[in-house]
Amino acid sequence: MNKIIEKELFSENVCRFVVEAPEIAIARKPGNFIILRLDKKGERIPLTIASADTEKGTITLVVQRVGVTTAKMLNMNEGDSILDIAGPLGKPTHIEKVGTVLCAGGGVGVAPLLPIVEGFKNAGNRVITVLAARSKDLIILEKEMREFSDELIVMTDDGSYGKKGLVTQGMEEVITREKVDLSVVIGPAIMMKFAALTTKKYNIKTYASLNTIMVDGTGMCGACRVSVGGKTRFVCIDGPEFDAHEVDFDEMMQRLGAFKEQETEAYERYLKTVS
Amino acid sequence: MENIAEYLKEERSQPWRDELRKSMKAKERTSIERVHMPEQDPVERSHNYLEVNLGLTEEMAITEAHRCLDCPDPTCISGCPVNINIPKFIKKIEAHDFLGAAKVLKETNALPAVCGRVCPQEVQCENSCFYTVKLKKTPIAIGNLERFAADYERNSGKISVPEIAEHNNTKVAVIGSGPAGLAACGDLIKMGYDVTVFEALHDVGGVLKYGIPEYRLPNEIVDVEIENLRKMGVKFHTNFIVGKTASLDMLREQGYTAFFVGSGAGLPRFMNIPGENSVGIYSSNEYLTRINLMHATDPDYDTPVHDGKTVAIIGGGNTAMDSVRTAKRMGAKRAILIYRRSEAEMPARMEEVKHAKEEGIEFMTLHNPVSYEADEKGRVTKMVVQKMELGEPDASGRRRPIPIEGSEFEIEVDVVVVAIGVSPNPLIPHAVPGLEMSRWGTIIVDKETMQSSIPDIFAGGDIVRGGATVILAMGDGRRAAAGIHKYITEKVKK
Ligand SMILES: Cc1cc2nc3c(=O)[nH]c(=O)nc-3n(C[C@H](O)[C@H](O)[C@H](O)COP(=O)(O)OP(=O)(O)OC[C@H]3O[C@@H](n4cnc5c(N)ncnc54)[C@H](O)[C@@H]3O)c2cc1C
Ligand code: FES
């Protein structure tokens, strides 16, 4: 049982949870994720760890409403408990001093990007961060990101905040202006796909953190498999970060939609139970 | 070995055994036909998840027990990987002492109700039975009798909790809660150790829970065994991935003196053929885990799984058989098993093959997939298969399958399950530097003590053997428990 200590609504569909998980709080490193199961009948879903407090023994998760499980979680409150949390899983981000690092986050991908930005900054890099979302109210963790970034660029699709345009435009602005040694992108698959295409044009080594469907998270099932450089890899044990220029994002997007029909049905059923 | 032979002889010459032997002539015993295990009707059962085998009645068990000749040289025992005193437990059944029979089983086998259901007896004890070897008759139904005695004990509510030695306040960690881990912790707790089992998943039991389906091994049966271990004082720590949640060094700091690694052969293999990552193509582990552990076929549970009219399963082992029979139960019109060799080479248990055929599973032997096609959403729609023929025997001793050029054809499919084997789980090996590994990724251990190249780490089960069996995993766990005990008494406590 893992108690929810704090819940903060970022927007109607995005929430930040601080949850008790003392062992994971100590063991986790930037890039790690957990697998949770809300209740006995719940499914197992992966969520990246945004931050942790070793003293309080808590981890922070940022959750966006996309299906039944996330909708149920958004309905949970401080004091409620999550039945199972296992982790930290995946290989941590390889953080070292490389020079200038361009970090790009889209949507809730900004949450897992935060510890990575922090890590690269602390390792002595110049860190430039691009945050992107559809509109102003969907930009999250801006203040925290600003703290660890030498420069922060905000892009919104509708121009309601920061600059109007896509994440790739923000990235390109930086790349054409100064030398970038490494790029890290986290966000929806489609965003990572185009971000990867952008950095490839300029031959900048780029990592993407993949958020595939998972079951066990320990390499046992292969639900999380993706093609990287033509080879099948398991995101939960070989990743979650991979060379973004080698990832087959189209295949990944199809696999992410594997259970769309079932999910829609289940979601409708769920809505009936809460209304 | 000498001692064991002596011991068996002594046991055999006890008055009650003598008397029983004399109560019926050998000729009479051998003239009894093997009692048939009652089964659910094939058509009916192919639409439900209830157990296929219904278990022997008391009368049936007693009749079957009468067949056993209580041989002076019980070859069956050497066919059992954990050397159960088979004639003794069978004679207990003949003597109507069913609880006594269960007790005999438990002397060497921590999970008799499980083994009675899933052991490949036909290549183990029953294959070494006097009936098979000398009389060329159908062997004593040792597995069915084992199951009977264990079930009788469980249903009686009088489960014997073994005696536990005085607590010695020494902490031992068991990593993984499959049959290897459960057998190890059962013995360690009896020796007085303070035992904690760490399990990565949210539930305890390993393959017994997430792999083997309900209709072959109900989870409830595994849970009773686990509950017993809990009563004996074993602590279970689920959602704990050793090497991730905490390192071995951290556990050493917390006072764990020795470790048993029973982390299994988790990693599923794929064929790496075009289209294999299409939606609707699963590893057998994923398919079975969704259904068995996560209850995907129960609408009350959130985990989804695909069903379809035509489901193809690739492989010929137990896992393939479990998957294909599950697909049928989920309502597939055609559930096809595609295997690249012939039926004679299939590694699956005979009983599974028989049951599968009765349930209407299509067997497509000497065929192998070469590619998959998907629709615009990425969902698999077709597979291309190639015909095979058998050539010379390969390293495994089985005849090598050779593709027949130009024999490819298409099958329309909705779901595909790849069940071609697993590789050892790499989590522990990666997390423990210096651990000596084989080139197949298994942990190298001393065969007697199960000790690895790192003195306080012992290992057994699939992580040592690659894919093996429940009973071999349990045998390893028990040997490792003895090895750990020896190591702690001789090295640590001195
Ligand atoms: C579908 C299927 C059907 C089978 N049918 C039969 C049959 O009929 N008869 C038979 O004899 N055999 C059968 N087998 C084989 C048999 O199940 C295995 O040989 C046996 O389970 C191996 O036991 P184990 O204890 O080594 O590992 P497992 O049962 O695999 O258990 C390992 C456990 O360790 C956990 N783990 C792994 N890494 C860690 C870690 N780092 N920290 C904590 N926990 C960890 C895993 O989550 C898992 O629960 C079947 C296998 C499958 C998959
Ligand atoms: S989630 Fe099962 S192997 Fe990665």
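Shown above is the structure to which this text applies.
Since the model is a prediction, treat every value here as computed from it, not as a measurement.

1. Things to note about the sheet that holds strand β9 (residues 362–365) of chain B
All names here are of chain B. Across the sheet, five strands lie side by side as β6-β14-β7-β8-β9; this open sheet has parallel pairing. A single partner strand is all that each edge strand has here, and the edge strands are β6 (281–283) and β9. The average angle at which neighbouring strand axes cross in this sheet is 20°, direction not considered. Where strand β8 (residues 334–339) lies against β9, four bridges are found, and the strand directions are parallel. Directly across from Ile 338, in β9, lies its bridge partner Met 364.

2. Examining the interface of chain A and chain B
The interface of chain A with chain B comprises 40 residues on the first partner and 42 residues on the second. With both sides pooled, the region where chain A packs onto chain B buries about 3,400 Å², and carbon together with sulfur makes up 55% of that total. Ranking the residues of chain A by area buried against chain B places Lys41(A), Met220(A) and Arg225(A) at the top, with a combined share of 20%. Between the two partners, chain A and chain B, sit two salt bridges. Of the charged contacts, one joins Asp302(B) and Lys72(A) as a salt bridge, the two residues approaching to 2.7 Å between their closest N and O atoms. Taken together, the links from chain A to chain B amount to 20 residue pairs in polar contact (both at pLDDT 80 or more). Of all the secondary-structure elements, those providing two or more residues to the side of chain A that touches chain B are α1 (22–27), α2 (68–74), β7 (84–89), β14 (225–228), β15 (231–234), α8 (249–256) and α9 (260–274) of chain A. With six residues, the single largest contributor to the side of chain A that touches chain B is β7(A). Tallied by class, the residues present in the side of chain A that touches chain B amount to 17 nonpolar, ten polar and 13 charged.

3. Points about empty space enclosed by the protein
Residue and element names in this part refer to chain B. Evaluation of the coordinates by the stated rule reveals eight cavities of 30 Å³ or more. The volume enclosed by the largest cavity comes to roughly 190 Å³. Considering the residues around the largest cavity, the lining is formed by 16 residues, among which Lys 106, Ala 110, Pro 162, Leu 229 and Met 232 are closest to the centre. Put simply, the parts of the chain that give the lining of the largest cavity at least two residues each are α8 (98–108), α12 (179–190) and α14 (219–231). Along the lines of polarity and charge, the residues of the lining of the largest cavity split into five nonpolar, five polar and six charged.

4. As for the pairing of strand β1 (residues 2–11) of chain A
Residue and element names in this part refer to chain A. As judged from the two bridges shared by β1 and strand β6 (residues 81–82), these two strands associate in the antiparallel manner. By the bridge assignment for β6, Asn 2 is matched with Ile 82. The sheet contact formed by β1 and strand β2 (residues 14–20) spans six bridges and is antiparallel. From the neighbouring strand, Ile 4 faces β2, where its bridge partner is Val 19. The hairpin formed by β1 and β2 contains two residues between the paired strands.

5. Notes on the site of ligand 1
All names here are of chain B. For ligand 1, the set of nearby residues contains 35 residues, the closest of which are Val 118, Ala 180, Glu 199, Arg 216 and Asp 462. Measuring from an oxygen atom of ligand 1, one finds a backbone N or O atom of Asp 462 at 2.8 Å. Separating an oxygen atom of ligand 1 from a backbone N or O atom of Ala 468 is a distance of 3.1 Å. The protein chains hide 95% of the 1,000 Å² of surface that ligand 1 would expose on its own. No other element matches helix α17 (residues 318–329), which puts three residues into the shell around ligand 1. When its residues are assigned to classes, the shell around ligand 1 shows 18 nonpolar, 13 polar and four charged.

6. Section: the pattern of salt bridges
Residues and elements named next belong to chain B. Across all of its chains, the model carries 63 salt bridges over all chains by this definition. Asp 151 is the partner of Arg 154 in a salt bridge, and the nearest nitrogen-oxygen pair spans 3.0 Å. Of this pair, Arg 154 and Asp 151 both sit in helix α11 (residues 142–156), three residues apart, roughly one helical turn. The burial state of Arg 154 is the same as that of Asp 151; both residues are buried. A salt bridge links Lys 382 to Glu 410; the nearest nitrogen and oxygen atoms lie 3.7 Å apart. Remark: Glu 410 occurs in strand β13 (residues 409–412) and Lys 382 occurs in strand β11 (residues 380–393); sequence separation between them is 28 residues. On the basis of relative accessibility, which here comes to 25%, the residue Lys 382 falls in the partly exposed class.

7. Things to note about the packing of α17(B) against helix α18 (residues 350–358) of chain B
Residues and elements named next belong to chain B. The contact between α17 and α18 brings their axes to 10 Å, and the two run at 25°. Here α17 lies roughly parallel to α18, going by the angle between them. Where α17 crosses over α18, the handedness of that crossing is left-handed. Judged by residue contacts, Asn 318, Met 321, Asp 322 and Arg 325 of α17 engage Glu 352, Val 353, His 355 and Ala 356 from α18. Among the residues forming the contact of α17 with α18, the class breakdown is three nonpolar, two polar and three charged.

8. Remarks on the environment of Gly211(B)
Residue and element names in this part refer to chain B. Its location among the elements puts Gly 211 in the loop between α13 (207–210) and α14. The spacing of Gly 211 and Leu 293 is 82 residues in sequence and 8.0 Å in space, taken between C-alpha atoms. Leaving out residues up to four positions away in the same chain, Gly 211 has contacts with Leu 288 and Asn 292.

9. Some words on the nonpolar core
Soluble globular proteins: nonpolar side chains tend toward being buried together. Ranked by size, the top nonpolar core spans 95 residues in total, and within it Ile86(B), Phe89(B), Ile90(B) and Ile93(B) carry the most contacts. Looking at this core, the element that brings in the most residues is helix α21 (residues 470–492) of chain B, giving nine residues.

10. Things to note about a nonpolar patch on the surface
All names here are of chain A. Taken together, Ile 190, Phe 194 and Leu 197 make up a surface patch of nonpolar side chains, about 270 Å² in accessible area. Along the chain, Ile 190 turns up in helix α6 (residues 189–201). The exposure class of Ile 190 is partly exposed, given its relative accessible area of 45%.

11. What to know about α18(B)
Think of an α-helix as turning once every 3.6 residues; residues three or four places apart then point the same way. Residues and elements named next belong to chain B. Those residues of α18 not exposed but buried are Glu 352, Val 353, His 355 and Ala 356. Seen from one end, α18 has its buried residues packed into an arc of 165°, which puts them on one side. Where α18 ends, the next residue or the one after it, Gly 360, has phi of about 90°, a positive value.

The rules behind these values
- Residues numbered from 1 in each chain as written.
- Chains lettered and ligands numbered in written order.
- Predicted model: local features only at pLDDT ≥ 70, side-chain atom pairs only at ≥ 80, totals over all residues.
- Heavy atoms only, no water.
- Pairing = 2+ DSSP bridges.
- Helix = DSSP H or I, 4+ residues; strand = E, 2+ residues; numbered from the N terminus.
- Axes fitted to C-alpha atoms, helices over the stretch in contact; angles between N-to-C directions.
- Contact = heavy atoms within 4.5 Å.
- Buried area = accessible area lost by both parts, 1.4 Å probe.
- Salt bridge = Lys/Arg side-chain N within 4 Å of Asp/Glu carboxyl O.
- Polar contact = N/O pair within 3.5 Å; in protein donor to acceptor, adjacent residues only side chain to side chain.
- Nonpolar A, V, L, I, M, F, W, Y, C, P; charged D, E, K, R; others polar.
- 1 Å grid on protein atoms, 1.4 Å probe; cavity = no way out; pocket = protein on both sides within 12 Å on 5 of 7 lines; lining within 4 Å.
- Points joined across faces, edges and corners; volume = space filled by probe spheres on them.
- Near = heavy atom within 4 Å.
- Areas by Shrake-Rupley, 256 points an atom, 1.4 Å probe, with all protein chains shown as cover.
- Buried < 20%, exposed > 50% of the residue type's maximum accessible area, 1.4 Å probe, protein only.
- Parallel < 35°, antiparallel > 145°, perpendicular 65-115°, else oblique.
- Left-handed = near helix turned anticlockwise from the far one by under 90°.
- Core = buried A, V, L, I, M, F, W, Y, C linked by side-chain atoms within 4.5 Å.
- Patch = residues over 30% accessible without salt bridge, like charges linked within 9 Å, V, L, I, M, F, W, Y side chains within 5 Å.
- Arc of directions from axis to C-beta.

These figures capture arrangement, not role.
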